[in-house]
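# Results of the structural survey
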Amino acid sequence: HAALTGHLILTTIHTNDALGIVPRLLDMKVEAFLLAATFNLGMAQRLARRVCQDCRTKVELPAGVMAQMREELKKIPRRFLPTDLNLEVLQFFKGAGCARCGNAGYKGRVAVVEMLQNTANLAKLIASKWDPEELAKEIVAQEMITMKQDALLKALAGLTTVEEVLRISQE
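Let me begin by describing the structure that accompanies this report. (Residues numbered from 1 in each chain as written. Predicted model: local features only at pLDDT ≥ 70, side-chain atom pairs only at ≥ 80, totals over all residues. Heavy atoms only, no water.)

What follows deals with a nonpolar patch on the surface. There is a patch of nonpolar side chains on the surface, built from L41, M43 and M115 and spanning about 290 Å² of accessible area. As for its placement among the helices and strands, M115 is situated in strand β4 (residues 106-117). (Patch = residues over 30% accessible without salt bridge, like charges linked within 9 Å, V, L, I, M, F, W, Y side chains within 5 Å. Areas by Shrake-Rupley, 256 points an atom, 1.4 Å probe, with all protein chains shown as cover. Salt bridge = Lys/Arg side-chain N within 4 Å of Asp/Glu carboxyl O. Helix = DSSP H or I, 4+ residues; strand = E, 2+ residues; numbered from the N terminus.)

Here the focus is the packing of helix α4 (residues 120-128) against helix α5 (residues 132-142). Direction vectors running N to C along α4 and α5 enclose 160 degrees, while the axes themselves pass 10 Å from each other. Here α4 lies roughly antiparallel to α5, going by the angle between them. Once α4 is placed against α5, the crossing between them reads as left-handed. Residues N121, L122 and L125 of α4 touch α5, and the partners they reach there are E134, L135, E138 and Q142. A class-by-class count of the residues in the contact of α4 with α5 yields 3 nonpolar, 2 polar and 2 charged. (Axes fitted to C-alpha atoms, helices over the stretch in contact; angles between N-to-C directions. Parallel < 35°, antiparallel > 145°, perpendicular 65-115°, else oblique. Left-handed = near helix turned anticlockwise from the far one by under 90°. Contact = heavy atoms within 4.5 Å. Nonpolar A, V, L, I, M, F, W, Y, C, P; charged D, E, K, R; others polar.)

Here the focus is the packing of helix α3 (residues 63-74) against helix α6 (residues 147-156). Viewed as axis vectors pointing N to C, α3 and α6 meet at an angle of 115 degrees, and their least axial separation amounts to 10 Å. The pairing of α3 with α6 is recorded here as roughly perpendicular in orientation. Here α3 and α6 pass one another in a crossing that is left-handed. Taken together, the residues of α6 that come into contact with α3 (itself represented by Q68, M69, E72 and L73) are K148, Q149, L152, L153 and L156. Looking at the contact of α3 with α6, its residues break down into 5 nonpolar, 2 polar and 2 charged.

Another point: the layout of surface pockets. What the largest pocket holds in volume is close to 990 Å³. Taken together, 33 residues form the lining of the largest pocket, with I9, T11, I13, F39 and L41 sitting closest to its centre. Of all the elements in the fold, those that place two or more residues in the lining of the largest pocket are α1 (21-27), α2 (32-38) and β1 (41-51). Here the lining of the largest pocket takes 6 residues from β1, the largest share from any one element. (1 Å grid on protein atoms, 1.4 Å probe; cavity = no way out; pocket = protein on both sides within 12 Å on 5 of 7 lines; lining within 4 Å. Points joined across faces, edges and corners; volume = space filled by probe spheres on them.)

As structure tokens, then:
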């Protein structure tokens, strides 16, 4: 009700991803029509271990894992991909271990996020029904990046590892 009067409401809700926010609020007895009118943005995040930049080295991935990464990259909207991306020549990194990172290969964390915006179409879905097929179409229309895809983009940039991409996508 406070959001209806123009107040900005920020809250933490425990879900696995941004898509889980709406059903969780509906389960908490928030009226669908109120949620549709007041929901602006849902964001989910996880922290990935950051590759130590002092001992970062290139790594060869097993063929099956590399194929999985290529398939996931094909799902990412083109505007989010590096302009020089060649799916046949992907380069990933890991930390070899050094004194700066305590031989762990990681030093620090990097946020991996996904965001769900409330559009007119999403508001209709929230207010009427929460149809997974219609929701999937809306996500494509929004060009939403999933946490796994964001983690993969950060692995391509040398900020984290493919192991972290896989760990985050399984949680």
